[in-house]
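# Coordinates in review
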Protein chains: 2
Amino acid sequence: MQPRRHFQFEVKLDLSGERFRVIYGMQGSGEEVRVRAEDICVEQTIEFPRDLVTSGDIRAAIVGKIERMERPGGNEWEIEISFAVETVGHELTQLLNVMFGNFSLKPGVQVKRLDLPVSMLKDYKGPRFGIQGIREMTGVHDRPFLCTALKPMGLPNDTLAELAYTFAYSGVDMVKDDHGLADQPFSPFWERVEKVGAAVNRANKITGNRCLYFPNVTGPLSLIMEKVRWAKACGVGGLMVAPGLVGFDTMKMLADDDGLDLPIISHPSFLGSYVVTPGNGISHYLIFGQLPRLAGADATIYPNYGGRFSFSLENCQSIVQGATVEMGHLHPIFSAPGGGMNLERIPEMVQAYGKDVIFLIGGALHKMGPDLVVNCQAYMDCLRECVISR
Amino acid sequence: MQPRRHFQFEVKLDLSGERFRVIYGMQGSGEEVRVRAEDICVEQTIEFPRDLVTSGDIRAAIVGKIERMERPGGNEWEIEISFAVETVGHELTQLLNVMFGNFSLKPGVQVKRLDLPVSMLKDYKGPRFGIQGIREMTGVHDRPFLCTALKPMGLPNDTLAELAYTFAYSGVDMVKDDHGLADQPFSPFWERVEKVGAAVNRANKITGNRCLYFPNVTGPLSLIMEKVRWAKACGVGGLMVAPGLVGFDTMKMLADDDGLDLPIISHPSFLGSYVVTPGNGISHYLIFGQLPRLAGADATIYPNYGGRFSFSLENCQSIVQGATVEMGHLHPIFSAPGGGMNLERIPEMVQAYGKDVIFLIGGALHKMGPDLVVNCQAYMDCLRECVISR
């Protein structure tokens with residue numbers, strides 16, 4: 001069979017006309033920014049010389065479209081580009097790809113926000129619990145939560161279980177595995193989840209509280225379903241997943257699983273490179289707010305301002321916005337700032353974040369004195385008082 | 001049961017003593033760099049105040065250890081930190097986590113290279129084919145390969161199949177789906193792979209060549225195994241996966257599957273933020289060279305120097321090094337630079353990359369003239385001649 005030699009012709013596309021919007025940030029002159037924006041429209045879709053595309057339908061509907069170019073201040077531009085919902089074909093991975101796949105390889109552009117139409121949000125179950133669901137699960141309605149972690153790496157499972165028992169006994173709301181706890185020989189996953197899960201549930205029987213244990217189930221993919229089912233069988237309170245390590249779509253798969261029916265906390269490991277350079281990558285709002293939420297996380301962990309990382313108060317507040325902004329049927333989710341906290345800073349933190357927040361307190365809880373029960377109780381008392389006096 | 005209140009005690013760890021090394025780059029004074037390096041040792045492992053760790057074994061064996069600090073030039077430092085192999089527990093996700101999980105959230109550090117002992121490399125099957133395997137599969141031993149892509153997005157499956165037939169008929173070595181081809185209504189995945197796979201195989205019967213078709217099987221995770229088995233059943237030549245979108249571990253899972261037994265091409269989508277800011281993130285060598293290879297890719301796509309992206313010749317050469325450097329039993333893999341190529345640049349490219357390279361040529365192949373068969377043959381002739389005259 002002789003091959004066709006010419007591929008210049010009309011293509012008729014039957015599309016809905018529905019489009020989603022991606023908001024990008026850039027710097028430069030109006031002309032520079034327009035050229036770059038036009039480049040996004042092509043590079044993120046047809047990835048092909050525009051002048052070689054003879055089909056009017058492909059040029060009009062598949063290539064991205066600049067909807068708005070504004071300069072909110074100084075040299076900073078905000079550019080809104082719309083894409084046909086059909087370019088994404090109902091897949092989260094392909095949404096990320098159209099949003100920033102190839103363009104991630106070009107410096108000087110930051111993806112700021114996603115604006116998805118209802119028809120597209122339908123592809124996402126979203127957070128199964130969200131703020132409201134986790135409050136109902138735990139029976140805690142009027143104050144921030146305190147979550148701590150099982151550390152340091154190297155402790156054996158029996159000690160980790162004792163530690164978790166102490167936390168739950170002392171009134172701490174949530175205990176997560178340190179994200180560094182994978183399946184190491186000194187604290188094998190299967191035994192750890194069983195022992196820690198049982199310890200927390202034993203403490204819950206004594207306290208009457210419902211402290212939630214979140215084991216880290218990040219990878220390997222070949223075992224992840226086995227791991228989460230085991231965790232479920234061990235009576236855990238939820239799961240911790242790092243989407244930077246296993247992909248946002250893996251988190252979505254776990255969140256969507258009706259058989260699991262467990263809240264999910266998102267951990268920021270390996271995602272930092274998207275945010276550390278201002279004006280590049282992806283905004284804090286999107287990568288720690290909107291995206292984990294779209295992928296079904298019920299809470300999103302990130303480094304607190306004033307801590308050992310470099311996030312500003314403004315960065316942290318934008319994450320809260322992305323975690324709670326109106327997104328159709330998607331529940332708002334908890335922010336979970338961690339790092340650099342201590343008892344003295346709690347009132348300031350409550351002022352900054354309000355009550356719908358999960359404070360992650362690790363080292364500071366151990367540091368304040370020799371008796372861990374006393375330390376935990378002091379933090380819990382402080383949280384209750386702050387809200388009353390607020 | 002009363003809780004334990006004090007957790008300061010000795011822990012005995014029974015470790016192998018084997019360690020792997022991560023090489024980081026930083027800038028600053030010797031003192032600044034040492035402080036930051038000490039921080040990596042703690043943050044990437046125990047993530048806990050070092051002075052609260054009473055266990056000598058944890059301090060000595062779990063906390064990272066600075067092995068070397070050197071200043072190869074100017075203000076630039078190279079720091080080698082070793083970690084116990086046990087901290088990783090045989091998991092690729094956890095290797096990424098120890099290497100750069102939390103520290104990705106701090107600016108001013110770049111991961112340059114991984115140096116894994118043989119005991120750890122045993123956890124990785126690595127590339128199933130590599131350079132040698134793909135040469136044997138295709139019967140092409142003496143020259144670079146030419147790979148092109150099915151574009152633009154928006155073409156129907158029958159046209160994509162015709163296009164693929166033309167490429168294969170004209171002697172092109174490999175045809176990949178554009179990474180933008182997911183499962184869109186205008187070119188549904190299942191039908192596309194069947195039609196394109198059949199078209200390429202039909203052309204192969206005429207030419208006697210073994211042109212390989214690589215469909216893009218990136219996401220969604222819930223369907224990925226079904227997708228790759230379908231692709232296998234359709235007689236495809238390999239698979240294209242974007243680890244930035246689905247995670248390196250997903251790529252590893254596909255590469256490790258003996259039932260699939262197909263070469264894998266890694267696509268750089270969504271990974272750019274790790275490399276666009278010099279001195280931050282992850283080196284080109286590692287993220288496009290060593291890591292895809294560790295995860296089992298047989299070829300690694302990246303933007304070519306002098307093209308529409310910002311990679312330098314030096315960046316590209318370092319990817320080739322990461323793709324081919326001695327790594328135990330892991331086969332060296334193909335580099336696959338794309339973008340900004342045309343017929344005139346091929347001799348220069350062959351000089352720069354040698355013969356073990358896959359040139360990705362997309363738009364340029366359509367641009368050079370109206371007859372696609374003639375264009376493809378011109379490129380193939382040029383590739384053969386360049387190697388002869390070299």
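### Regarding the sheet that holds strand 3 (residues 76-84) of chain A
All names here are of chain A. With respect to topology, five strands assemble into an open sheet ordered 2-3-1-4-10, the strand pairing being mixed. Edge positions in the sheet fall to strand 2 (65-73) and strand 10 (281-282), since each has one partner strand and no second. For strand 2 and strand 3, the ladder comprises six bridges, and the chain directions are antiparallel. When the sheet's bridge partners are listed, R68 is paired in strand 3 with E80.

### Here's the deal with the pairing of strand 4 (residues 109-115) of chain B
Residues and elements named next belong to chain B. Pairing analysis gives six bridges linking strand 1 (residues 19-27) to strand 4, with the strands arranged antiparallel. If you follow R21 over to strand 4, its bridge partner there is D115. The pairing of strand 4 with strand 10 (residues 281-282) spans two bridges and is parallel. Directly across from Q110, in strand 10, lies its bridge partner G281.

### Describing the confidence of the model for chain A
For any part of a model where pLDDT is low, the fine detail of the predicted coordinates should not be relied upon. Mean pLDDT over chain A: 95, with 100% of residues reaching 70 or higher. Two summary scores accompany this predicted model of the complex, namely pTM at 0.97 and ipTM at 0.97.

### Overview of the interface of chain A and chain B
In this complex, chain A contributes 98 residues to the contact, which on the side of chain B involves 98 residues. Put simply, chain A and chain B have eight salt bridges between them. Taking the shortest distance from any N to any O, the salt bridge between E47 of chain B and K151 of chain A comes out at 3.6 Å. Linking chain A to chain B there are 42 residue pairs in polar contact (both at pLDDT 80 or more).

### Overview of the sheet that holds strand 4 of chain B
Strands sit in the order 2-3-1-4-10 (chain B) across an open sheet of five strands; the sheet is mixed. The open sheet is flanked by strand 2 (65-73) and strand 10 of chain B, the only strands paired with a single partner.

### Regarding the pattern of salt bridges
The full count for this structure, using the stated rule, is 56 salt bridges over all chains. Taking the shortest distance from any N to any O, the salt bridge between E67 of chain A and R21 of chain A comes out at 4.0 Å. Of the two residues, E67 of chain A sits in strand 2 while R21 of chain A sits in strand 1 (residues 19-27), which places them 46 residues apart along the sequence. Taking relative accessible area as the criterion, E67 of chain A reaches 31% and is therefore assigned partly exposed. Of the charged contacts, one joins R113 of chain B and E78 of chain B as a salt bridge, the two residues approaching to 3.0 Å between their closest N and O atoms.

### Thoughts on the packing of aromatic side chains
If you walk through the whole model with that rule in mind, you get 23 aromatic pairs over all chains. When the centroid spacing of 5.6 Å and the interplanar angle of 35 degrees are considered together, the rings of F20 of chain B and F83 of chain B count as tilted. Residue F20 of chain B is located in strand 1, and its partner F83 of chain B is located in strand 3 (residues 76-84); the two are separated by 63 residues in the primary sequence. On the accessibility criterion, F83 of chain B (0% relative accessible area) is buried. Between the aromatic rings of W190 of chain B and W230 of chain B, the centroid separation amounts to 6.4 Å while the plane-to-plane angle is 65 degrees, which identifies the pairing as edge-to-face. Of this pair, W190 of chain B sits in helix 7 (residues 189-207) while W230 of chain B sits in helix 8 (residues 221-233), and the two are 40 residues apart along the sequence. A relative accessible area of 30% means that W230 of chain B is categorised as partly exposed. Aromatic rings pair up to connect F100, F270 and Y274 of chain A together with F100, F270 and Y274 of chain B into one cluster. Taking NZ or CZ as reference, K106 of chain A lies 4.9 Å from the ring centre of F309 of chain B, over its face.

### A short note on the side chain of D298 of chain B
All names here are of chain B. Within the fold, D298 resides in the loop between helix 11 (284-294) and strand 11 (299-303). A distance of 2.8 Å separates the side chain of D298 from the backbone nitrogen of F129, its partner in a polar contact. Of note is the side chain of D298, whose polar atom sits 2.8 Å from the backbone nitrogen of G130. Sequence-distant contacts of D298, that is, excluding residues within four places in its chain, are made with P127, R128, F129, G130, I134, L262, P263, I264, I333 and F334.

### Let's talk about the relation of the copies chain A and chain B
For the pair of chain copies, the relating transformation is a rotation about an axis with a translation along it. For the match of chain A to chain B, the screw axis carries a shift of 0.0 Å, the RMSD comes to 0.0 Å, and the turn is 180 degrees. In the structure described here, the two chain copies are related by an operation that fits a two-fold rotation axis. Distance from the rotation axis, computed per C-alpha, reaches its smallest value in chain A at G247 of chain A: 2.5 Å. Here 100% of the interface residues in chain A have copies in chain B that are interface residues too; the copies meet face to matching face.

### Some points on the side chain of T250 of chain A
With respect to the helices and strands, T250 of chain A occurs in helix 10 (residues 248-255). Within the local environment of T250 of chain A, its side chain forms a polar contact with the backbone oxygen of V246 of chain A, the two atoms lying 2.7 Å apart.

### What about unusual backbone geometry?
A cis amide bond links K151 of chain B to the next residue, P152 of chain B, at an omega of -5 degrees. With respect to the secondary-structure elements, P152 of chain B resides in the loop between strand 5 (145-150) and helix 6 (157-169). Backbone torsion omega between G219 of chain B and P220 of chain B reads -15 degrees, so that peptide bond is classified as cis. Within the fold, P220 of chain B resides in the loop between strand 7 (212-214) and helix 8. The phi angle at E47 of chain A is positive, at roughly 45 degrees, despite the residue not being glycine.

The rules behind each value
- Within any chain, residue numbers begin from 1 and follow the written order of that chain's sequence.
- Chains carry letters from A onward and ligands carry numbers from 1 onward, assigned in written order.
- This being a predicted model, a pLDDT of at least 70 is required before a residue's local features are given, and a value of 80 or more before pairs of side-chain atoms are given or counted; all residues contribute to the totals for chains, interfaces and linings.
- Values reported for side chains reflect all heavy atoms of the structure, with hydrogen atoms and water molecules removed beforehand.
- Strand pairing follows a simple DSSP-based rule, namely that at least 2 bridges must link the two strands.
- Runs of H or I in DSSP of at least four residues are treated as helices and runs of E of at least two as strands, each being numbered from the N terminus.
- pLDDT expresses, on a scale from 0 to 100, how confident the predictor is about each individual residue.
- By definition, residues are in contact when any of their heavy atoms lie within 4.5 Å.
- For salt bridges, the criterion is a side-chain nitrogen of Lys or Arg within 4 Å of an Asp or Glu carboxyl oxygen.
- Contacts described as polar in this section are N or O atom pairs within 3.5 Å, which, within protein, must combine one atom able to donate a hydrogen with one able to accept it, while residues neighboring in sequence count only if both atoms come from side chains.
- Each residue is placed in one exposure class: buried if its accessible area under a 1.4 Å probe, protein chains only, is under 20% of its type's maximum, exposed if it is over 50%, and partly exposed if it falls in between.
- Geometry of aromatic contacts follows a simple scheme: Phe, Tyr and Trp rings, the Trp one being its six-membered ring, pair when their centres are within 6.5 Å, and the pair is stacked under 30 degrees between planes, edge-to-face over 60, tilted otherwise.
- Two conditions define a charge sitting above a ring: the NZ of Lys or the CZ of Arg must be within 6 Å of the ring centre, and it must be within 35 degrees of the ring normal.
- All copies are superposed by least squares; the fitting set is the C-alpha atoms of residues with a pLDDT of at least 70 in both.

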